[in-house]
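So you can see what is in the structure, the chains are spelled out below.
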Protein chains: 2
Amino acid sequence: MNFTEKHPGKLFVLSGPSGAGKGTICKRLLEETKELELSVSMTTRNPRKGEEEGVSYYFTDKESFKKHIEDGDLLEYAEVYGNYYGTPKDLVLKRLAQGIDVILEIDMQGALKVKENYPDGVFIFILPPSMSELRKRLTGRGTETAEAIELRLGETLKELSYIDKYDYCVVNGVLEEAVARVKAIVVAEHSKVAFTAEELIESYKEEA
Amino acid sequence: MNFTEKHPGKLFVLSGPSGAGKGTICKRLLEETKELELSVSMTTRNPRKGEEEGVSYYFTDKESFKKHIEDGDLLEYAEVYGNYYGTPKDLVLKRLAQGIDVILEIDMQGALKVKENYPDGVFIFILPPSMSELRKRLTGRGTETAEAIELRLGETLKELSYIDKYDYCVVNGVLEEAVARVKAIVVAEHSKVAFTAEELIESYKEEA
């Protein structure tokens, strides 16, 4: 038998187009599932009012951040408007080793980088029920022009061709149902033979 | 992209040692999940009082049964005390094609045969919480001698080495929890990218 899992906790990566509702699903999961913990990102941008070190972000300077990149300390990182954002690998692995599931909410590019660095993660793609519903949600936010929204929809269609890099896809039409579905995925992943059987078998054998 | 699934319904195979409680879990699942249907076996034994054709079993004669074996019409079959029992392939596939999930409760030998004939099935191993609990349950039934029970426990230990042929394992300590876990597996399997994404992507593209 070949059991590849090394950690008692699992990394769940929630990804998908902007407007699909991954943030809302993530928030609900964290509220309702005490065994799940959010991965806290590292950033070089300045803390904003009310942001706490280690809760909102780990704040650092560019020099240290670049050192982390060079040392391969990050599961993924990106530069946005001159600031760096990334996911510290050691902190995630530490929680997984402690048997705590970690959830990471991230765009597709980030998710694909995480997959390269941690293929044992569970990759979940959150989808809107339809393109027209996605357009409606993005328009409703009132933060982007109609043109920018159409560009974003085009990007979403392109992203869909990467869906086979993911393990699961969940359509977020009714929020309750989408949350229940992601919860079911968390439970099912913990029941996978490759994940859980080795320890179980040992306990039966010891007892017998 | 390579989507291997052919049917909108899924075959869930519940297996495990006698006394693990797969029958009870199966019964509860069928009561609580209307999208699931039990696979009805074919047999050459005579109908007992109250047994209905097509509900309890499909009753047939030995000659016809042997013809079914030869024609590869069965997902699995076994001979028990001179009678044949088997799972008719066409009936299962028909329900799967109609988008109905089929559940099959079967011993390990049967499950492994089903896997050979239908690898797209989802194979779930139901386990007792411990060997001592399994001994207690088997003793409690009062149908077997202490010696027969010890033999059965030995068999169970051997069966455990085949657990990596299964996709999931569920420990049946508290029945409610085990049922919830199998239900979560059913939901998660329907959210798998390989199972559901192709159709979804088509719908987005058509709309755009």
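Our structure's up above, just so we're on the same page.
What you see is a predicted model, and the numbers here were worked out from it, not measured in a lab.

Draft legend 1. Fine view of the interface of chain A and chain B. Taken together, the contacts link 35 residues of chain A with 35 residues of chain B. Three residues stand out in chain A for area buried against chain B, namely Ser191, Val193 and Tyr204 of chain A, and they jointly supply 21% of the buried area on that side. Viewed at the interface, chain B and chain A are joined by zero salt bridges. Where chain A meets chain B, there are twelve residue pairs in polar contact (both at pLDDT 80 or more). Elements represented by at least two residues in the side of chain A that touches chain B include exactly helix 5 (131–141), helix 6 (146–160), strand 9 (168–171), helix 7 (175–190) and helix 8 (193–207) of chain A. The element contributing the most residues to the side of chain A that touches chain B is helix 8 of chain A, with eight residues. A breakdown of the residues in the side of chain A that touches chain B according to their chemical character gives 23 nonpolar, six polar and six charged.

Draft legend 2. How the structure looks around the relation of the copies chain A and chain B. Once chain A has been moved 0.0 Å along the axis and rotated by 180°, it coincides with chain B to within an RMSD of 0.0 Å. Taken together, the rotation angle and the small translation identify this as a two-fold axis. Considering only C-alpha atoms, the residue of chain A closest to the rotation axis is alanine 184 of chain A, which sits at 2.2 Å. The residues that chain A uses at the interface reappear at the interface of chain B in 100% of cases, marking a shared surface.

Draft legend 3. The arrangement of the nonpolar core in detail. Core analysis: the biggest nonpolar cluster contains 38 residues, and Leu14 and Ile124 of chain A together with Leu14 and Ile124 of chain B have the highest contact counts within it. Every residue in contact with leucine 14 of chain A, bar those within four places of it in the chain, is listed here: Lys22, Ile25, Cys26, Leu29, Ile103, Leu104, Glu105, Ile106, Ile124, Ile126 and Val182 of chain A.

Draft legend 4. Fine view of the pattern of salt bridges. Residues and elements named next belong to chain A. Taken as a whole, this structure holds 30 salt bridges over all chains when the rule is applied. One salt bridge connects glutamate 35 with lysine 34, and the closest N-O pair in it is separated by 3.8 Å. Beyond isolated ion pairs, a larger network of salt bridges with shared partners links Arg28, Glu32, Glu176 and Lys183.

Draft legend 5. Molecular detail of the sheet that holds strand 5 (residues 74–80) of chain A. Residue and element names in this part refer to chain A. Spatial ordering of the open sheet is given by 4-3-6-5, a layout of four strands whose pairing is mixed. Edge positions in the sheet fall to strand 4 (58–59) and strand 5, since each has one partner strand and no second. In this structure, strand 5 lies alongside strand 6 (residues 83–88), joined through six bridges in antiparallel fashion. When the bridges of strand 6 are listed, glutamate 76 appears paired with threonine 87. In this fold helix 2 (residues 62–70) packs onto strand 3 (42–43), strand 5 and strand 6, with an angle of close to 45° to the strand it touches most, strand 6.

Draft legend 6. Fine view of helix 1 (residues 22–32) of chain B. All names here are of chain B. Of the positions making up helix 1, those classed as buried are Lys22, Ile25, Cys26, Arg28 and Leu29. Seen end-on, helix 1 carries its buried residues on one side only, within an arc spanning 165°. Turned more than 90 degrees from where helix 1 packs its buried face, Lys27 and Glu31 sit exposed. Against strand 1 (11–15), strand 2 (36–38), strand 7 (101–105), strand 8 (122–127) and helix 7 (175–190) lie the buried residues of helix 1.

Draft legend 7. Region of the structure containing the sheet that holds strand 2 (residues 36–38) of chain A. Residue and element names in this part refer to chain A. Taken together, the five strands give an open sheet; going across it, the order is 2-7-1-8-9, and neighbouring strands pair in parallel fashion. Either end of the sheet is taken by a strand with one partner, and the two such strands are strand 2 and strand 9. Each strand of the sheet is rotated relative to its neighbour by a mean of 25°, with strand direction disregarded. Two strands pair when backbone bridges link them, and strand 2 and strand 7 (residues 101–105) are joined in this way by three bridges, in the parallel orientation. Of the residues in strand 7, the one forming a bridge with leucine 38 is isoleucine 103. Packing of helix 3 (residues 89–97) onto the sheet brings it into contact with strand 1 (11–15), strand 2 and strand 7, and relative to strand 7 it is tilted by some 145°.

Draft legend 8. Up close: the side chain of arginine 45 of chain A. Residue and element names in this part refer to chain A. Within the element layout of this structure, arginine 45 appears in the loop between strand 3 and strand 4. Within the structure, arginine 45 has its side chain in polar contact with the side chain of glutamate 51 (distance 2.9 Å). The residues contacting arginine 45, other than those within four sequence positions of it, are Glu51, Tyr57, Phe59, Asn83 and Tyr85.

Conventions we followed
- Residues numbered from 1 in each chain as written.
- Chains lettered and ligands numbered in written order.
- Predicted model: local features only at pLDDT ≥ 70, side-chain atom pairs only at ≥ 80, totals over all residues.
- Heavy atoms only, no water.
- Contact = heavy atoms within 4.5 Å.
- Buried area = accessible area lost by both parts, 1.4 Å probe.
- Salt bridge = Lys/Arg side-chain N within 4 Å of Asp/Glu carboxyl O.
- Polar contact = N/O pair within 3.5 Å; in protein donor to acceptor, adjacent residues only side chain to side chain.
- Helix = DSSP H or I, 4+ residues; strand = E, 2+ residues; numbered from the N terminus.
- Nonpolar A, V, L, I, M, F, W, Y, C, P; charged D, E, K, R; others polar.
- Least-squares fit on C-alpha atoms with pLDDT ≥ 70 in both.
- Core = buried A, V, L, I, M, F, W, Y, C linked by side-chain atoms within 4.5 Å.
- Buried < 20%, exposed > 50% of the residue type's maximum accessible area, 1.4 Å probe, protein only.
- Pairing = 2+ DSSP bridges.
- Axes fitted to C-alpha atoms, helices over the stretch in contact; angles between N-to-C directions.
- Arc of directions from axis to C-beta.

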